[in-house]
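# Residue-level structural notes
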Amino acid sequence: MSKNGMSLDMIPVNELWDRILFIGLFGIIDSNRAKQVMEAMLDKIIASNSKVIILDILSVPTVDSAVANNLIKICKATKLVGAETIISGISGEIAQTIVELGIELETITTTSNLADAVELAFQRCNYELVEK
Amino acid sequence: MVSRIGVYVDGENLVVPIQQELDEEVVKQLQSDVLERISLKHLTGLVIDLSGTSVLDTFLARKLFDTCRMARLIGARPIISGMSAGMAISLIDLDFNPGDVETAVTLEDGLLRLRDTPKFDLIAQSDDDFDAEGDSFENLVKGSDVIDGDTEPKADDPD
């Protein structure tokens, strides 16, 4: 396997909490990359019996219709295996592009920052954060 | 001869573990079996577990998901569980849309979720409850009167 292939294959899926996973995406999300992310995600969801997966796209520079479609596909696949995707890190600019391009994100849950996504994920798993 | 898939009643729920290759005939038979059993026994939940199968094309997947929507129409909360990663990826590649059907990772998970479904409780709807509601409604009205009374003089004061 080439060096290039090796680095692309590495998609770290972190266990953020019990039954909550986290992936930070970066760079351009083409269909190849999207497929790798999808495979890594789905395997991990099934292995860890997770309920929610947070997909952070803060470091994805541009979201065009191709990238958005890949994200939608990822969310649908996650739904099929029985979990839910929360997409975090959607900046104002990206929100603008998504709406201007007429992309329907349908029922996908999105948040602007990671903190909101984590809070939402805790809610979905019926966890409650209590200040000591 | 059409081989049938067993459907099992577990309390209020119908459990359908699919552990064989599906074809159109089998799914058709399954659909009518499931709907018949749900309406006969007044079941409130349905879990279709796919962990025993490895291949599912879009047509059959749509049939199964449609069965879930039909089950909802006759009063059962449907959940599809145990889909493998490979199956999900190939279905998404073929533009399959899961729509509004609930999904779970494992059968156990699906059944757990059904257990949390709020059920109608006839005992809770007693006369006392209606009285309590009436009281709180009166309080609410009284409360709003007081607020109105408070705000009016204040509005007059600056004048």
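Residues numbered from 1 in each chain as written. Chains lettered and ligands numbered in written order. Predicted model: local features only at pLDDT ≥ 70, side-chain atom pairs only at ≥ 80, totals over all residues.

### Observations concerning the interface of chain B and chain A
With 14 residues of chain B in contact, the opposing surface of chain A contributes 15 residues. Secondary structure elements with two or more residues in the side of chain B that touches chain A: α3 (85-93) and β5 (102-104) of chain B. Ranked by residues supplied to the side of chain B that touches chain A, first place goes to α3(B) with five residues. Each residue belonging to the side of chain B that touches chain A can be placed in one class, and the counts come to nine nonpolar, four polar and one charged. (Contact = placed C-beta atoms within 7 Å. Helix = DSSP H or I, 4+ residues; strand = E, 2+ residues; numbered from the N terminus. Nonpolar A, V, L, I, M, F, W, Y, C, P; charged D, E, K, R; others polar.)

### Some remarks on unusual backbone geometry
Although it is not a glycine, A:N49 adopts a positive phi angle of roughly 50°. As for its placement among the helices and strands, A:N49 is situated in the loop between α2 (31-48) and β3 (52-59). Unlike most non-glycine residues, B:D95 shows phi in positive territory, near 65°. Tracing the sequence through the fold places B:D95 in the loop between α3 and β5. Look at B:D95 and you get exposed, because 9 C-beta atoms sit within 10 Å. (Buried ≥ 20, exposed ≤ 12 C-beta atoms within 10 Å, placed from the backbone.)

### Some thoughts on the sheet that holds strand β1 (residues 8-10) of chain B
Residue and element names in this part refer to chain B. Taking strand neighbours across the sheet as the criterion, the five strands line up as β1-β2-β3-β4-β5 in an open arrangement whose pairing is mixed. Among the strands making up the open sheet, the edge pair consists of β1 and β5. Each strand axis lies, on average, 25° off the axis of its neighbour in the sheet, ignoring direction. Here helix α2 (residues 58-73) sits on the sheet in contact with β3 (45-49) and β4 (77-81), set at roughly 155° to β4. (Pairing = 2+ DSSP bridges. Axes fitted to C-alpha atoms, helices over the stretch in contact; angles between N-to-C directions.)

### Some remarks on the environment of A:A40
Residues and elements named next belong to chain A. Structurally, A40 can be placed in helix α2. Expressed as a C-alpha distance, the spacing of A40 and P12, which sit 28 residues apart in the sequence, is 8.2 Å. Discounting residues that sit within four places of it in the chain, A40 has contacts with I11 and V13.

### Considerations on the sheet that holds β3(A)
Residue and element names in this part refer to chain A. As summarised here, the arrangement of the five strands in space is β1-β2-β3-β4-β5, forming an open sheet in which the pairing is mixed. Every interior strand has two partners, whereas the edge strands, β1 (14-17) and β5 (109-110), have only one. Relative to β5, strand β4 (residues 84-88) is paired through two bridges, and the arrangement is parallel. Bridge pairing links I86 to T109 in β5. Sitting on the sheet, helix α3 (residues 65-81) is in contact with β3 and β4, with an inclination near 150° to β4. Along the sheet, helix α5 (residues 114-124) contacts β2 (20-26), β3, β4 and β5; its crossing angle with β4, the most-contacted strand, is approximately 160°.

### Comments concerning the pairing of β3(A)
Residues and elements named next belong to chain A. Among the eight residues of β3, six are classified as buried, and the element is accordingly described as predominantly covered. Where β2 and β3 come together, six bridges link them in parallel fashion. Residue F26 lies in a different strand from β3, and its bridge partner there is S59. Where β3 meets β4, five bridges bridge the pair, whose relative direction is parallel. When the bridges of β4 are listed, I53 appears paired with T85. Regarding the hand of the β-α-β motif, the stretch spanning β3, α3 and β4 is right-handed. (Right-handed = clockwise from strand over helix to strand, strands pointing away.)

### Section: the environment of B:F59
Relative to the helices and strands, B:F59 is located in helix α2. Taking the C-alpha atoms as reference points, B:F59 and B:L91, separated by 32 residues in sequence, lie 9.9 Å from one another.

### As for the confidence of the model for chain B
Residues and elements named next belong to chain B. Residues of chain B with pLDDT of at least 70 account for 73%, and the chain-wide mean is 80. Predicted confidence for residues 140-152 stays below pLDDT 50, and this span has zero contacts to residues more than four positions away or in other chains. Across the whole predicted complex the pTM is 0.74, and at the interface the ipTM reaches 0.74. (pLDDT = per-residue confidence, 0-100.)

### Quick look at the confidence of the model for chain A
Across chain A, the average pLDDT comes to 87, with 93% of residues at or above 70. Per-element confidence in chain A ranges from a low mean pLDDT of 51 for helix α1 (residues 3-9) of chain A to a high of 94 for β4(A).

### Considerations on the environment of A:I11
Residues and elements named next belong to chain A. Here I11 lies in the loop between α1 and β1. Here I11 falls in the partly exposed class, since 16 other C-beta atoms lie within 10 Å of it. Along the chain, I11 and Q36 lie 25 residues apart, while their C-alpha atoms are 7.6 Å from each other. What I11 contacts, discounting residues up to four positions off in sequence, is I23, Q36, V37 and A40.

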